[in-house]
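Next come the chains, spelled out residue by residue.
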Amino acid sequence: MNPPRRGTPDFLLLFLTFVLVCFGLAMVFSASSMTSAYYAKFNNDPWFFTKKQLMAVGIGTVGMLFCMNLHYSKLKKLVIPAFFVVVVLLVLVIFTSKSNGAASWFNVGKFGIQPTEFAKLIVILYLASLISNKEEKFRNFKKGLLPAILIVGFVCFLIMLQPDFGSCMILLACAAIVIMVGGSNLKHIFFIGTGFFSIAAIGVALYLLKGKTDNNYRINRLTSFLDPFSDPQGNGLQVVQSLYAFGHGGLTGAGFGQGIQKLHYLPEAHTDFIFAIIGEELGFIGSALFILIFLIFLWRGILVAVRSPDMFGMLTGVGIMVMFAFQAFINIGGVTNTIPLTGVTLPFISAGGSSMMVSLISMGILLSISREQTHKEDAKPKKRPNRFQ
């Protein structure tokens, strides 16, 4: 007996993902080529970071195609094993060497694996599975909501031990939205907010306390946004140079590849601050067009999620798109000095192997959800035209 035929993936969502990935590769090359060509540690190769990003795109695309062709409901069986693997990795990564004041990476050859990126997706899947399995029982605080809060709080605690404040906030936001959309009892919303704010307060306290032992690095990073020009060569360096980039770009930009802030003025230009390079080289018009495309991408993803035929698919889709939305907001907000700088990547755009792989795998899951929608539409009986009208 042949397996039931599934529908086709949402074309617009797939196309927008392809556009964002290609644009990201182009901007990574523009932002990193001069730096990597200058330093011997990068083999004086202008394509050094672009090649690494291409490899991440390749691996992520394989993961996306696999998830897209796997019925998303089968992920429920993989959630618990994947969750335990992620927890072990989050514990082990704490004991690795620090980079920029945080221990967030496993070095595997020339590549780095960041468990936190995978943790965000796994927690979303875990919560979606938990809520969809419990259904009405989830409205019970002790049997439904409390276990979810404890799991999220535990993962956030491990992330803050690195510490990674930005990723912790993204995870908390995703969890809160998934829990609320999942039908949490309105009387318990207060407890959700209290629990999340308590976790956030503890996380901030640990973050700042840790900063006192690291020459106030983290404290300065959180507070320098108030007046970055008071220390333009120190704590405010990245933000100041980022703002200079936007100023140089003006309305129409300096032109692709013609930016100057990436020439050793703006640190991490190809990762956390790639949006500043977009603003400098493509100007306000190019930046606004990118944001517009990203908003359409988010809108289409949410539309696919809410049309899911079941609760698990809907919550997973919503969680994934909220993850992208909050991560983009925190990145762009930090780069433009709208909010404190926390150091997270811009989805699909920034150089970062783990972020790119998780983003593409997440889209594979969402595209798998969209296939069930088109299958149902194809299965509907078509009305025959009335020849007498």
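To start, this report covers the structure provided alongside it.

### Quick notes on the overall build of the protein chain
The number of helices and strands found in the protein chain is 12 helices and 2 strands. The N-to-C order of helical and strand elements in the protein chain reads α-α-α-β-β-α-α-α-α-α-α-α-α-α. For the protein chain, the residues scored as buried account for 51% of the 389 residues in total. Taking contacts inside the protein chain between residues at least 6 apart in sequence as the whole, the part at least 24 apart equals 74%. Of the roughly 18,800 Å² of accessible surface on the protein chain, 67% is carried by carbon and sulfur atoms.

### Some details on the nonpolar core
Of all hydrophobic cores here, the largest spans 100 residues; its most connected members are Leu 127, Phe 297, Phe 324 and Phe 348. No other element matches helix 11 (residues 311-335), which puts 13 residues into this core. Discounting residues that sit within four places of it in the chain, Leu 127 has contacts with Ala 148, Val 152, Ala 175, Val 178 and Ile 179.

### Things to note about the layout of surface pockets
Volume-wise, the second largest pocket comes out at about 320 Å³. Lining the second largest pocket are 17 residues, and of these Ala 82, Phe 118, Leu 121, Ile 122 and Leu 125 lie nearest its centre. Breaking the lining of the second largest pocket down by element, the ones donating at least two residues are helix 2 (48-69), helix 3 (76-93), helix 4 (115-134) and helix 12 (353-379). Looking at which element gives the most residues to the lining of the second largest pocket, the answer is helix 3, with 6 residues. Here the lining of the second largest pocket is composed, by residue class, of 17 nonpolar, no polar and no charged.

### Here's the deal with the packing of aromatic side chains
Counted under the stated rule, the structure contains 15 aromatic pairs. Both rings, one in Tyr 72 and one in Phe 312, keep their centres 6.3 Å apart while their planes meet at 15 degrees; by these two values the pair is stacked. Here Tyr 72 is found in the loop between helix 2 and helix 3, whereas its partner Phe 312 is found in helix 11, with 240 residues between them in sequence. Under the relative-accessibility criterion, Tyr 72 is labelled buried at 2%. A centroid spacing of 6.1 Å and a plane angle of 75 degrees characterise the contact between Phe 83 and Phe 84, whose relative ring orientation is edge-to-face.

### With respect to the side chain of Ser 132
Relative to the helices and strands, Ser 132 is located in helix 4. In this structure Ser 132 comes out as buried when scored by relative accessible area, which is 10%. Here Lys 76 takes part through its side chain, which lies 3.3 Å from a polar atom of the side chain of Ser 132. Among the polar contacts made by the side chain of Ser 132, one reaches the main-chain carbonyl oxygen of Ala 128 at a distance of 2.8 Å. Aside from chain neighbours lying at most four places away, what touches Ser 132 is Lys 76, Met 311 and Phe 312.

What counts, and where the lines are drawn
Residues numbered from 1 in each chain as written. Predicted model: local features only at pLDDT ≥ 70, side-chain atom pairs only at ≥ 80, totals over all residues. Heavy atoms only, no water. Helix = DSSP H or I, 4+ residues; strand = E, 2+ residues; numbered from the N terminus. Buried < 20%, exposed > 50% of the residue type's maximum accessible area, 1.4 Å probe, protein only. Contact = heavy atoms within 4.5 Å. Areas by Shrake-Rupley, 256 points an atom, 1.4 Å probe, with all protein chains shown as cover. Core = buried A, V, L, I, M, F, W, Y, C linked by side-chain atoms within 4.5 Å. 1 Å grid on protein atoms, 1.4 Å probe; cavity = no way out; pocket = protein on both sides within 12 Å on 5 of 7 lines; lining within 4 Å. Points joined across faces, edges and corners; volume = space filled by probe spheres on them. Nonpolar A, V, L, I, M, F, W, Y, C, P; charged D, E, K, R; others polar. Phe/Tyr/Trp six-rings, centres within 6.5 Å; stacked < 30°, edge-to-face > 60°. Polar contact = N/O pair within 3.5 Å; in protein donor to acceptor, adjacent residues only side chain to side chain.

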